[in-house]
2 protein chains.
Amino acid sequence: MLSKPQISFIKSLHQKKFRKEHGLFIAEGSKTVAEFVHSGYVIDSIYYTPQAPKLLNLSQKVKVQEISPAELAKVSTLSAPQDMIALLCIPPKTQILPESFKQTFTLMLDDIQDPGNLGTIIRTADWFGFDRVICSPGTVEAYNPKVVQATMGSLARIDVMYDELVPLLRDAQIPIYGALLKGTSIYQTRFGREGIVVLGNEGNGLSDEVKKLVTHQVTIPRFGQAESLNVAVSAAIFCTKIREETEESNVREIKNGE
Amino acid sequence: MLSKPQISFIKSLHQKKFRKEHGLFIAEGSKTVAEFVHSGYVIDSIYYTPQAPKLLNLSQKVKVQEISPAELAKVSTLSAPQDMIALLCIPPKTQILPESFKQTFTLMLDDIQDPGNLGTIIRTADWFGFDRVICSPGTVEAYNPKVVQATMGSLARIDVMYDELVPLLRDAQIPIYGALLKGTSIYQTRFGREGIVVLGNEGNGLSDEVKKLVTHQVTIPRFGQAESLNVAVSAAIFCTKIREETEESNVREIKNGE
């Protein structure tokens, strides 16, 4: 059974302020929790209902407790609670080195506000084999329960880091692709083997300082009348085109190796 | 000032049951409402705050009333209400003719559940110049306020129709592209000039009956470890690749015409 202090502690983590204070965040559902168990994340505690499957490979340090579905409903962030809720440690901030941008592609987000958008971008980055997503300090917090939910477990695999974008972009020394309305068509863009893709805020797009550092303005051509695309959709279209080139060059390498 | 019956009438339209009963739905924000005013939709009434810009080209039949921001907050579906709320007539159901699939691309949605996903798909369809989206009867209702909001005005331009997909697909006589996990890479797929793209439910994908009618199984190649892509993201990737061919063939035609 969950004690009253336990209930109010878990519920406090619905709020950013207390997540920051305690260095913990919430993940829900046995499938998502299992992804975190098998990742580098430190698990603080797991509360599961009798319906939940047994989790494998759990460290003995993790507090584990059976609770009823009614108790889960009291502490869940979901309108339809699943079978498990886990408290996980927010990883310590690490430094982003300029060399780390070489020979890979990185997504950078400039003040994305919607948790669903950030979560979907992290999930998409994971699908397309990107290792990390770098967010401006003004971007919605990745440990917001709505973000965690929308990543569908991908947060366990993708490094989501927060830092000022401008100094990083200044030192990167690789192509910086900006999603902008008046640029080269993405259909005509060659991304090559390394680069940064910067995507802007839902309402305002890229900030002026970031825009100045973009080396390649890229546009997703419009064929109809919508004023803009959803930012998670734009991110996915960039990932698709970048990986199309990866696939083409892999095919070429295989042919050359024959 | 809004009377109590007016408030409870508008608030009743937050619910599907009453939208159906009254044949009305809600759109909010002067920008979105303006898109509907300039479309074929019949406007029932508009409530605006003193902050809202004046709407042009309004038919004299539309009831228009100034209200205070506090009154707007009482009837709004948004957590941050904007400057205007309009009640619009749900268009009558029209028949979908098999010939209408020829020489164009159509998106078909098989039981999409999330309002944000449907709204984003409608917005994306509008960006890429698709005229309509056909939804299975089990798909979330397009007049749900969350859907309307997520379309960002595109619902005013895109026909969203509900019908049984199986008979439509059976009679279509054009390529039917299904987003499936084990198909031809979308990078290797040639879409040509006409076709239907069917996208499945968030949890279960395409239903078995629809899957049987797919003539071209198409996969978005995975480079990382996510289990799946968000359905609105998948839809956008299909639209991107279809329009890449449109652009290429337009370029060819211009060259040939020289």
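Analysis parameters
- Residues numbered from 1 in each chain as written.
- Chains lettered and ligands numbered in written order.
- Predicted model: local features only at pLDDT ≥ 70, side-chain atom pairs only at ≥ 80, totals over all residues.
- Heavy atoms only, no water.
- UniProt positions renumbered as here; feature names shortened; annotations may be inferred.
- Helix = DSSP H or I, 4+ residues; strand = E, 2+ residues; numbered from the N terminus.
- Buried < 20%, exposed > 50% of the residue type's maximum accessible area, 1.4 Å probe, protein only.
- Contact = heavy atoms within 4.5 Å.
- Areas by Shrake-Rupley, 256 points an atom, 1.4 Å probe, with all protein chains shown as cover.
- Lys, Arg positive; Asp, Glu negative; His and termini not counted.
- Charge placed at Lys NZ, Arg CZ, Asp CG, Glu CD.
- Least-squares fit on C-alpha atoms with pLDDT ≥ 70 in both.
- Phe/Tyr/Trp six-rings, centres within 6.5 Å; stacked < 30°, edge-to-face > 60°.
- Lys NZ or Arg CZ within 6 Å of the ring centre and 35° of its normal.
- Expected span 1.5 Å × (residues − 1).
- Polar contact = N/O pair within 3.5 Å; in protein donor to acceptor, adjacent residues only side chain to side chain.
- Pairing = 2+ DSSP bridges.
- Axes fitted to C-alpha atoms, helices over the stretch in contact; angles between N-to-C directions.
- Buried area = accessible area lost by both parts, 1.4 Å probe.
- Salt bridge = Lys/Arg side-chain N within 4 Å of Asp/Glu carboxyl O.
- Domains from an automatic or database assignment.

Per an unreviewed UniProt entry, chain A is named RNA methyltransferase, and its organism is Hufsiella ginkgonis. Per UniProt, chain A has the following entry under Sequence similarities (unreviewed entry): "Belongs to the class IV-like SAM-binding methyltransferase superfamily. RNA methyltransferase TrmH family."

*Asks:* So what exactly am I meant to see when it comes to the overall build of chain A here?
*Replies:* On a plain count of helices and strands, chain A comes out with 9 helices and 10 strands. Overall size of chain A, expressed as C-alpha extent along the three principal axes, is 60 × 50 × 40 Å. The buried share of chain A, taken over its 258 residues, is 53%. Pairs at least 24 residues apart make up 75% of the contacts formed inside chain A by residues separated by at least 6 positions. About 12400 Å² of surface is accessible on chain A, with carbon and sulfur atoms providing 51% of the total. In chain A, 28 side chains carry a positive charge and 29 a negative one; their mean positions are 3 Å apart.

*Asks:* I'm lost on the relation of the copies chain A and chain B in this one. Help?
*Replies:* Both copies of the chain are related by one operation, a rotation about an axis with a shift along it. Mapping chain A onto chain B calls for a screw motion: a turn of 180 degrees about the axis and a shift of 0.0 Å along it, with 0.0 Å RMSD after fitting. Look at the turn and shift together and you get a two-fold axis relating the two.

*Asks:* Just to check I follow, could you spell out the UniProt feature "domain: RNA 2-O ribose methyltransferase substrate binding" (unreviewed entry) in chain A for this structure?
*Replies:* UniProt tags residues 26–95 of chain A as "domain: RNA 2-O ribose methyltransferase substrate binding" (unreviewed entry). Segment residues 26–95 of chain A splits into 21% helix and 27% strand. End C-alpha atoms: 24 Å apart.

*Asks:* Hey, could you run me through the packing of aromatic side chains in this one?
*Replies:* Remark: the centre distance and the inter-plane angle together describe each pair of aromatic rings, the angle taken between the planes. Residues and elements named next belong to chain A. Evaluated as defined, the whole model comprises 12 aromatic pairs over all chains. Seen in terms of ring centroids, Phe 36 and Tyr 41 are 4.9 Å apart; in terms of plane orientation they differ by 90 degrees. Their pairing is edge-to-face. With relative accessibility at 14%, the residue Tyr 41 sits in the buried group. Seen from the ring of Phe 101, Arg 132 lies directly overhead, with NZ or CZ sitting 4.8 Å from the centre. Directly above the ring of Phe 130 sits Arg 243, whose terminal nitrogen or CZ lies 4.6 Å from the centroid.

*Asks:* I keep staring at helix H5 (residues 115–127) of chain B and nothing clicks. Help me out?
*Replies:* Since the α-helix packs 3.6 residues into each turn, any two residues three or four apart lie on the same face. Residue and element names in this part refer to chain B. Given a rise of 1.5 Å per residue, 13 residues ought to cover 18 Å, and the 18 Å separating the end C-alpha atoms of H5 matches this to within 8%. Most of H5 sits out of view: 12 of its 13 residues are buried. Its side-chain oxygen placed 3.0 Å from the backbone nitrogen of Gly 116, Asp 114 serves as the N-cap of H5. Remark: Gly 129 follows H5 within two positions and exhibits a positive phi of approximately 75 degrees.

*Asks:* Hey, could you run me through the sheet that holds strand S8 (residues 176–185) of chain A in this one?
*Replies:* Note on sheets: strands pair through backbone hydrogen bonds, and any given pair is parallel or antiparallel. All names here are of chain A. Read from one edge to the other, the open sheet built from 6 strands follows the order S7-S6-S5-S9-S8-S10, with strand pairing classed as parallel. The open sheet has two edge strands, strand S7 (159–162) and strand S10 (216–219), and neither has a second partner. Averaged over neighbouring strand pairs, the angle between their axes works out to 35 degrees when direction is ignored. Each of strand S5 (105–110), strand S6 (132–135) and S7 is contacted by helix H5 (residues 115–127), which is oriented at about 175 degrees to S5, the strand it contacts most.

*Asks:* What is the right way to look at the interface of chain A and chain B in this model?
*Replies:* Counting residues at the interface gives 36 residues for chain A, matched by 36 residues for chain B. A combined buried area of about 3400 Å² lies between chain A and chain B, and 60% of that area is made up of carbon and sulfur atoms. Considering only the side of chain A, the residues that lose the most area to chain B are Trp127(A), Tyr187(A) and Phe223(A), jointly responsible for 24% of the buried surface there. Across the contact surface, chain A and chain B share 4 salt bridges.

*Asks:* When you look at unusual backbone geometry in this model, what are you seeing that I'm missing?
*Replies:* Residues apart from glycine generally show negative phi values, whereas peptide bonds are mostly found in trans. Positive phi, close to 65 degrees, is recorded for Asp111(A), a residue that is not glycine. Here Asp111(A) is to be found in the loop between S5 and H5.

*Asks:* It is not clear to me how the domain arrangement of chain A should be interpreted in this structure. Could you clarify?
*Replies:* Many authors give the size of an interface as the accessible area that is lost as the parts come together. All names here are of chain A. Parsing chain A into structural domains produces domain 1 (4–89) and domain 2 (98–257). Taking only C-alpha atoms, the centre of domain 1 and the centre of domain 2 are 30 Å apart. Of all residues in domain 1, Arg 19, Glu 35 and Tyr 41 bury the most surface against domain 2, accounting for 39% of the area lost on that side. In this structure, the connection of domain 1 to domain 2 is made through 2 salt bridges.

*Asks:* When you look at the pairing of strand S2 (residues 43–48) of chain B in this model, what are you seeing that I'm missing?
*Replies:* Within a regular beta strand, the side chains point alternately toward one face of the sheet and then the other, so they alternate between its two faces. Residue and element names in this part refer to chain B. Among the 6 residues that make up S2, 5 are buried, leaving the element largely enclosed by the rest of the structure. Sheet topology note: the S2/strand S4 (residues 84–89) ladder contains 5 bridges and is antiparallel. The partner of Ser 45 across the bridge, within S4, is Leu 87. Relative to strand S3 (residues 63–66), S2 runs parallel, the two being bridged by 4 bridges. Within S3, the residue paired with Tyr 47 across the bridge is Gln 65.

*Asks:* For this particular structure, what's the right way to read the environment of Met152(A)?
*Replies:* Residues and elements named next belong to chain A. On the secondary structure map, Met 152 appears in the loop between helix H6 (145–151) and S7. Classification of Met 152 as partly exposed rests on a relative accessible area of 46%. The spatial distance from the C-alpha of Met 152 to the C-alpha of Arg 123 is 6.7 Å, given a sequence separation of 29 residues. The residues touching Met 152, leaving out its near neighbours within four places in the chain, are Thr 32, Glu 35 and Arg 123.

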